[in-house]
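Here's the letter readout for the chains.
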Amino acid sequence: MTARLQWAEANAALEGARKLLIVTHVSPDGDAIGSMLGLAAALRERDYKVTTAVDGGVPEFLQFLPAAARVEHRLKRGHWDVMISVDASDEERSGICGAFGRARSQKVINLDHHPTNTLFGDVHLVMPEAVSSTEVVYEWLVRLGHPISQPVATALLTGLVTDTMGFRTSNVTAGTLGIVQKLMEAGASLTDVTARALVAKPYTSLELWKRVLPSVKLEQRIISAVVTQADLTTVGLIDVTDGGLVSLLASVQEAVVAVVFKETPEKRVEISLRCKPGYDVGTVAFGLGGGGHKQAAGATIDGPLEAAIARVMPLLQAAVAAPV
Ligand code: 5GP
Ligand code: MN
């Protein structure tokens with residue numbers, strides 16, 4: 001898709017507003033939380049009354065970001081002039097908080113960078129060429145003439161660092177690094193953000209890898225792993241991050257596509273997909289009701305695990321056979 005950027009409409013929506021709600025996607029990553037907290041901090045500096053919310057709250061490794069402790073885990077009351085959804089490519093992805101906020105807000109601004117964005121909401125700030133949703137937030141703040149403070153810069157840099165895996169993805173340009181320079185000049189630490197939000201993982205993630213790596217297979221240039229509920233529960237790892245397991249698989253040079261199948265407590269299956277440049281797993285994820293980018297995408301589909309694997313593997317084989 002091409003960019004759909006309604007800056008004037010977004011500014012007009014803010015002009016008449018006082019109470020704002022910012023939501024993001026479930027299972028939030030560095031870009032989800034970085035966009036939400038960076039935008040929230042800047043809008044608070046502009047004297048708006050801002051509520052932030054995401055189902056389950058902020059993951060521990062992102063709690064160093066500004067006002068992370070103020071993020072609601074669920075919404076029980078409130079009405080807002082404008083809800084801003086960040087980094088969520090469809091409405092369902094913003095979970096229970098998103099649904100609650102949508103029903104109690106006058107207007108919805110959809111700020112995102114996924115090419116699979118469904119253009120929900122009233123005003124669109126959707127920029128598929130942006131490496132992260134925090135890049136879209138940065139662009140909006142520049143257009144508003146808002147000076148970037150150190151807390152805002154730190155949150156925005158977090159999304160840039162995590163969604164590009166430390167500036168290693170093929171969409172990184174000289175312009176991306178130009179934004180990084182501005183954020184560092186505003187006081188954000190690239191070292192600190194990279195160490196905390198991208199590199200560090202709890203030991204429990206490695207315990208999970210120890211259990212799961214025997215399931216790894218490489219067949220027809222597709223590398224896969226399976227994470228069952230039994231893997232997660234027996235070692236008490238229910239809420240543990242998988243420590244970027246799919247990125248580990250994707251680093252294998254013989255593989256073109258990497259996939260992790262993860263069983264949820266409801267016996268559905270979360271699928272994480274990665275591929276080398278020149279291939280497209282975003283379209284596969286979109287076809288499964290999910291979304292993402294060409295090189296990194298995901299979806300949650302019906303189980304059981306064996307049925308999900310049998311359904312997805314032929315689609316991935318087709319993606320390997322048809323470079324883009
Ligand atoms: P990850 O594999 O890191 O969870 O996700 C990779 C990319 O796919 C991210 O851009 C993420 O937003 C997107 N993604 C992952 N799971 C889903 C899903 O269930 N639905 C949608 N729409 N996007 C997903
Ligand atoms: Mn993102």
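Everything numeric in this text was worked out from a predicted model, so none of it was measured. (Residues numbered from 1 in each chain as written. Chains lettered and ligands numbered in written order. Predicted model: local features only at pLDDT ≥ 70, side-chain atom pairs only at ≥ 80, totals over all residues. Heavy atoms only, no water.)

**Some thoughts on the coordination of the manganese ion (ligand 2)**
And then number 1: At the metal site, the manganese ion (ligand 2) is ligated by D31 (OD), D87 (OD), H113 (NE2) and D163 (OD), and these contacts range over 2.2 to 2.4 Å.
And then number 2: Each donor residue of the manganese ion (ligand 2) belongs to the same chain, and together they define the spacing D-x55-D-x25-H-x49-D. Residue D31 is found in helix α2 (residues 30-45), and its partner D163 is found in helix α5 (residues 150-163); the two are separated by 132 residues along the sequence. (Donors = N, O, S within 2.8 Å, 3.2 Å for Na, K, Ca; no water. Helix = DSSP H or I, 4+ residues; strand = E, 2+ residues; numbered from the N terminus.)

**Describing helix α12 (residues 305-321)**
What sets the pattern is the α-helix's 3.6 residues per turn: residues three or four places apart point alike.
And then number 1: Here α12 contains 17 residues, and its C-alpha end-to-end distance of 24 Å stays within 8% of the 24 Å for a straight helix at 1.5 Å per residue.
And then number 2: Buried within α12 we find L305, A308, V312, M313, L316, A319 and V320.
And then number 3: Each element contacted by the buried residues of α12 is listed here: β8 (222-227), β9 (257-263), β10 (269-275), α11 (282-287) and β12 (296-301). (Expected span 1.5 Å × (residues − 1). Buried < 20%, exposed > 50% of the residue type's maximum accessible area, 1.4 Å probe, protein only. Contact = heavy atoms within 4.5 Å.)

**As for the site of ligand 1**
And then number 1: Neighbouring residues of ligand 1: 15 residues in total, closest S89, H114, S272, R274 and A297.
And then number 2: Separating an oxygen atom of ligand 1 from a side-chain N or O atom of S272 is a distance of 2.6 Å.
And then number 3: Relative to its free-state accessible area of 490 Å², ligand 1 is covered by the protein chains to the extent of 80%.
And then number 4: Counting only elements with at least two residues in the shell around ligand 1, the list comes to β10, β11 (291-292) and β12.
And then number 5: A per-element tally of the shell around ligand 1 places β12 first, with five residues.
And then number 6: Its residues placed into classes, the shell around ligand 1 shows three nonpolar, nine polar and three charged.
And then number 7: Both of domain 1 (4-199) and domain 2 (203-321) provide at least three residues apiece to the shell around ligand 1. (Near = heavy atom within 4 Å. Polar contact = N/O pair within 3.5 Å; in protein donor to acceptor, adjacent residues only side chain to side chain. Areas by Shrake-Rupley, 256 points an atom, 1.4 Å probe, with all protein chains shown as cover. Nonpolar A, V, L, I, M, F, W, Y, C, P; charged D, E, K, R; others polar. Domains from an automatic or database assignment.)

**Comments concerning the packing of aromatic side chains**
Each aromatic ring pair is characterised by the separation of its centres together with the angle its planes make.
And then number 1: Tallied over the full model, the rule gives one aromatic pair.
And then number 2: Ring geometry for W80 versus F100: centroids 6.5 Å apart, planes at 70°, classification edge-to-face. One end of the pair, W80, is in strand β4 (residues 80-86); the other, F100, is in helix α3 (residues 95-103), and 20 residues separate them in sequence. (Phe/Tyr/Trp six-rings, centres within 6.5 Å; stacked < 30°, edge-to-face > 60°.)

**Quick look at the pairing of β9**
And then number 1: In terms of burial, β9 is largely enclosed, as seven of its seven residues are buried.
And then number 2: Residues V257, V259, F261 and E263 point to one face of β9 and A258, V260 and K262 to the other, with burial holding for every one of them.
And then number 3: Note: β8 against β9, six bridges, orientation parallel. Bridge pairing links A225 to V260 in β9.
And then number 4: Strand direction decides the pairing type here: β9 and β10, joined by seven bridges, are antiparallel. Within the sheet, the bridge partner assigned to F261 lies in β10 and is I271. (Pairing = 2+ DSSP bridges.)

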